[in-house]
Amino acid sequence: MSTATAVRRYRDDPVPHEVLDRCLQAASWAPSGGNQQPWRFVVIRSAELRDVITRAARSTWEVMKDFYRIPDLGEGADDPKSRVLRTMAEHMDVGGAAPELVLFCVQPQRGTTELQQAGSIFPAVQNFLLAARAQGLGAAITLWHGHCGDELRTSIGIPDDWHIATLLTVGWPKGGHHVVRRKPLTAAAVVDRWDQPWTSAR
């Protein structure tokens, strides 16, 4: 878990069927509300669908650049923020050409809020991510489907009463895995009161 970072740059090597199968199997072991398992995992191989996703990824980057006022990234800049932004830009430029793409869909259960619905699909996403990392793969969560949801829905045949939760890109990472960078636990965990921090054992 401590090295399951978002991986956005992949080698061209294909992902063997049995490796991806283990990730999908792990996703299916996740908990869900009432054990209803209201999910569908769509592996996207079609060249046409991949082109749709690439266009959506590039549109997402243009929106992000404008919204966050991201400057043009000079090749010479080597500070951590510039490196992350360059990696994100490359990820979205490659888009649907990533080695594997998996779309996670959820069927909302009656009477549940959007947050509760998420609780029945994102544990499956996390299981997939951890299984991918355990086998040496890298993966990243994307929201590119927000720019091509209708096309995906029509082409794949996703029923109207199902929601697209996220799209994962998956592949063998360029470079190695790295330890995640996170705030200290004392900034995230409290005891009884919002302003009473947890005392970490570390």
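Bear in mind the structure is a predicted one, so any value in this text is a computation, not a measurement.

> Tell me what's going on with the overall build of the protein, and back it up with residues and numbers.
When helices and strands are tallied, the protein shows 6 helices and 4 strands. Of the regular secondary structure in the protein, the N- to C-terminal order runs α-β-α-α-β-α-α-β-α-β. In terms of overall size, the protein behaves like a compact globule, its C-alpha atoms giving a radius of gyration of 18 Å where 202 residues would be expected to give roughly 17 Å. Considered along the principal axes of its C-alpha atoms, the protein spans approximately 50 × 50 × 35 Å. Going through the 202 residues of the protein one by one, you find that 37% of them count as buried. The long-range fraction of contacts in the protein, counting pairs at least 24 apart against all pairs at least 6 apart in sequence, stands at 79%. A total accessible area of about 12,500 Å² is found for the protein, and carbon and sulfur atoms account for 52% of it. Of note, the protein has its 23 positive side-chain charges centred 6 Å away from the centre of its 22 negative side-chain charges.

> Describe the side chain of H91, and please don't skip the residues or the numbers.
Secondary-structure assignment places H91 in helix α3 (residues 80–94). Once residues lying within four places of it in the same chain are set aside, the contact partners of H91 are R8, Y10, A140, T142, W144 and T169.

> Can you lay out the side chain of T60 for me, pointing to particular residues and giving the numbers?
Tracing the sequence through the fold places T60 in helix α2 (residues 47–67). Since its relative accessible area comes to 13%, T60 is described here as buried. Leave out the neighbours within four places in its chain, and T60 touches M92, W144 and H147.

> Go over the pattern of salt bridges, please, and point to the residues and values.
Inspection of every chain in the model, using the stated rule, returns 7 salt bridges. Notably, a salt bridge pairs E100 with R45, separated by 3.1 Å at the nearest N-O pair. On the criterion of sequence distance, the pair formed by E100 in strand β2 (residues 100–106) and R45 in the loop between β1 (39–43) and α2 is long-range, its members being 55 residues apart.

> If you had to explain α3 to someone new, which residues and values would you point to?
When the terminal C-alpha atoms of α3 are compared, their 21 Å separation across 15 residues agrees well with the 21 Å that a helix rising 1.5 Å per residue should span. Among the residues of α3, S82, L85, R86, M88, H91 and M92 are the ones counted as buried. If you follow the buried residues of α3, they end up packed against α2, β3 (138–142) and β4 (163–171).

> With reference to specific residues and values, describe the nonpolar core.
Core analysis: the largest hydrophobic core is formed by 27 residues, its most contacted members being I44, L103 and L152. Counting residues per element, the ones that place at least two in this core are α2, α3, β2 and β4. When residues of this core are assigned to their parent elements, the largest contribution, 7 residues, is made by α2. Here I44 is in contact with L49, R50, I53, L101, L103, I156 and L167, once residues within four sequence places are set aside.

> Any details on a nonpolar patch on the surface? Residues and values, ideally.
A cluster of nonpolar side chains, contributed by V63, F67 and Y68, occupies part of the molecular surface with about 380 Å² of accessible area. With respect to the secondary-structure elements, V63 resides in helix α2. Judged by relative accessible area, V63 falls into the partly exposed class, the value being 45%.

> For the sheet that holds β2, give the residues involved together with the corresponding values.
Pairing between the strands of a sheet comes from backbone hydrogen bonds, and it takes one of two forms, parallel or antiparallel. Spatially, the 4 strands line up as an open sheet ordered β1-β2-β4-β3, and their pairing is antiparallel. The open sheet has two free edges, formed respectively by β1 and β3, since each of these has just one partner strand. Adjacent strand axes in the sheet meet at a mean angle of 25°, parallel and antiparallel pairs treated alike. Alignment of β2 against β4, held across 7 bridges, turns out to be antiparallel. Across the sheet, the residue bridging to C105 is I164, located in β4. Relative to β4, helix α5 (residues 122–134) is tilted by about 5°, and along the sheet it contacts β1, β2, β3 and β4. Sheet contacts for helix α6 (residues 149–156): β1, β2 and β4; angle to β4, the most-contacted strand, approximately 90°.

Each value, and the rule that gives it
- Residues numbered from 1 in each chain as written.
- Predicted model: local features only at pLDDT ≥ 70, side-chain atom pairs only at ≥ 80, totals over all residues.
- Heavy atoms only, no water.
- Helix = DSSP H or I, 4+ residues; strand = E, 2+ residues; numbered from the N terminus.
- Rg over C-alpha atoms; globule rule 2.2 N^0.38 Å.
- Buried < 20%, exposed > 50% of the residue type's maximum accessible area, 1.4 Å probe, protein only.
- Contact = heavy atoms within 4.5 Å.
- Areas by Shrake-Rupley, 256 points an atom, 1.4 Å probe, with all protein chains shown as cover.
- Lys, Arg positive; Asp, Glu negative; His and termini not counted.
- Charge placed at Lys NZ, Arg CZ, Asp CG, Glu CD.
- Salt bridge = Lys/Arg side-chain N within 4 Å of Asp/Glu carboxyl O.
- Expected span 1.5 Å × (residues − 1).
- Core = buried A, V, L, I, M, F, W, Y, C linked by side-chain atoms within 4.5 Å.
- Patch = residues over 30% accessible without salt bridge, like charges linked within 9 Å, V, L, I, M, F, W, Y side chains within 5 Å.
- Pairing = 2+ DSSP bridges.
- Axes fitted to C-alpha atoms, helices over the stretch in contact; angles between N-to-C directions.

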